[in-house]
Amino acid sequence: FERARKFLEEKSAIQMMADREWISLYTVDDSRVFPYVYASDEVFSFDSDQESISGEIRAFQETVSSVSYERKNPKEIGFQVTPDISRNSVIYLNEKYDALWQAVYISKDGKRTMLEKESGVNFANAWKTDKVIAGGRIDLYHESFRLLRIGLMISGIAFLAVIAFLLYRIFTRKYGKN
């Protein structure tokens, strides 16, 4: 660990913010971090050759443009499609890859189109933008969160049905036939 820390400090990749007896706190140089949501005209994937990966990442980072997004909840993100997101771009979500992340394009007239995942990307969630037009909106969401909402609605309806049944039983016993 100590050798890696010294190496990263020498390369100015990390800088110490605080050093206490029980913790050392570092910050990572912004030029070495990808934005949370970004677009690029190139498809990037990691090869097994670890020797050239730093150069490949730096070259790819130069093609990246950050996307201004709005976080609706922890698992739902939305943003407007701007002219710099071309029809041949790829939208990246800087989250661990999970097949349950989905992207939907919503046109100006409200038509919804599911975006296809970019199969060439093997490290993040990424979608092709071949079906988008500037002025629309893209929503990224995790399918489990949508299913959670449906589950909550079903549970709420079942709870109300049980309460209604109990009230019915109470009133029929009290005021109705024995």
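This is a predicted model, so every value here is computed, not measured.

What counts as what
For every chain, the first residue of its written sequence is number 1, and the numbers climb from 1 along that sequence. Where local features are concerned, this predicted model is filtered to residues with pLDDT of at least 70; where side-chain atom pairs are given and counted, the filter is 80 or more; whole-chain, interface and lining totals use all residues. Side-chain descriptors were evaluated using all non-hydrogen atoms of the structure, hydrogens and water having been removed beforehand. The way it works is that DSSP assigns letters per residue, a run of H or I at least four long becomes a helix, a run of E at least two long becomes a strand, and they are numbered from the N terminus. Burial here depends on accessible area, computed with a 1.4 Å probe over protein chains only, as a share of the maximum for the residue type. Under 20% is buried, over 50% is exposed, and the range in between is partly exposed. Side-chain atoms within 4.5 Å are what join buried Ala, Val, Leu, Ile, Met, Phe, Trp, Tyr and Cys residues into a set we call a nonpolar core. The rule for pairing is simple: two strands pair if DSSP sees at least two bridges between them. In this analysis, rings of Phe, Tyr and Trp, with Trp reduced to its six-membered ring, are considered paired at centre separations within 6.5 Å, and the interplanar angle assigns stacked below 30 degrees, edge-to-face beyond 60, and tilted for intermediate values. In this analysis, the protein atoms alone were mapped onto a 1 Å grid. Cavities are point sets where a 1.4 Å probe fits without being able to get out; pockets are open sets with protein on both sides within 12 Å along at least five of seven lines; lining residues have an atom within 4 Å of a point. Grid points are joined across faces, edges and corners, and a volume is the space filled by probe spheres set on the points. Here the nonpolar group is Ala, Val, Leu, Ile, Met, Phe, Trp, Tyr, Cys and Pro; Asp, Glu, Lys and Arg are the charged ones; every other residue, Gly included, is treated as polar. Lines are fitted to the C-alpha atoms to define the axes, a helix being fitted only along its stretch in contact, and any angle between axes, read from their N-to-C directions, falls within 0 to 180 degrees.

1. Topic: the environment of leucine 167
Then, in step 1: Here leucine 167 lies in helix 3 (residues 143-175).
Then, in step 2: Residue leucine 167 is classed as partly exposed on the basis of its relative accessible area, which comes to 43%.

2. Concerning the nonpolar core
Then, in step 1: Formed by 18 residues in total, the largest nonpolar core has its most connected members in Val37, Phe79, Leu93, Ile138 and Leu140.
Then, in step 2: Counting residues per element, the ones that place at least two in this core are strand 3 (37-40), strand 6 (76-80), strand 7 (90-93), strand 8 (101-106) and strand 11 (137-142).
Then, in step 3: With nine residues, the next largest nonpolar core counts Phe34, Phe44, Phe60 and Val90 among its residues.

3. Remarks on the pairing of strand 7
Then, in step 1: Of the two faces of strand 7, the one lined by Val90 and Tyr92 and the one lined by Ile91 and Leu93 are each fully buried.
Then, in step 2: Pairing geometry for strand 3 and strand 7, over four bridges, is antiparallel. Residue pairing in the sheet places valine 37 in a bridge with leucine 93 of strand 7.
Then, in step 3: For strand 7 and strand 10 (residues 125-128), the ladder comprises four bridges, and the chain directions are antiparallel. Each residue of the ladder has a partner; that of valine 90, found in strand 10, is lysine 128.

4. Observations regarding the sheet that holds strand 4 (residues 65-66)
Then, in step 1: If you trace the four strands from one edge of the open sheet to the other, you get 4-3-7-10, paired in antiparallel fashion. Strands at the two margins of the open sheet, each flanked by one partner only, are strand 4 and strand 10.

5. Things to note about the packing of aromatic side chains
The way to describe two aromatic rings as a pair is by their centre distance and the angle between their planes.
Then, in step 1: What the rule picks out here adds up to nine aromatic pairs.
Then, in step 2: Plain terms: the ring middles of phenylalanine 34 and tyrosine 38 are 5.3 Å apart, the flat faces sit at 25° to each other, and that makes the pair stacked. For the residue pair phenylalanine 34 and tyrosine 38, the accessibility class agrees, reading buried in each case.
Then, in step 3: Centroid distance phenylalanine 44 to phenylalanine 60: 4.9 Å. Interplanar angle 20°. Geometry classified as stacked. Here phenylalanine 44, found in the loop between strand 3 and helix 2 (53-61), pairs with phenylalanine 60, found in helix 2; they are 16 residues apart in sequence, far enough to count as distant. For the pair phenylalanine 44 and phenylalanine 60, one class covers both residues: buried.
Then, in step 4: Clustering of aromatic rings is evident, with ring pairs tying together Phe34, Tyr38, Phe44, Phe60, Tyr92 and Phe123.

6. Comments concerning the layout of surface pockets
Then, in step 1: Considered as a void within the structure, the largest pocket measures approximately 440 Å³ in volume.
Then, in step 2: For the largest pocket, the lining is made up of 13 residues, of which Leu8, Ala13, Arg32, Ser54 and Arg58 are closest to its centre.
Then, in step 3: Going through the elements one at a time, helix 1 (2-10) and helix 2 are the ones with two or more residues in the lining of the largest pocket.
Then, in step 4: Residue composition of the lining of the largest pocket, grouped by class: seven nonpolar, three polar and three charged.

7. Focus on the sheet that holds strand 8
Strand pairing in a sheet relies on backbone hydrogen bonds, with the paired strands running either antiparallel or parallel.
Then, in step 1: What the five strands build is an open sheet, ordered 5-6-11-8-9; its pairing is antiparallel. Unpaired on one side and paired on the other, strand 5 (70-73) and strand 9 (112-114) mark the two borders of the sheet. Across the sheet, the axes of successive neighbouring strands diverge by a mean angle of 25°, strand direction being ignored.
Then, in step 2: Here six bridges tie strand 8 to strand 11, and the two strands are oriented antiparallel to one another. Bridge pairing links tyrosine 105 to isoleucine 138 in strand 11.

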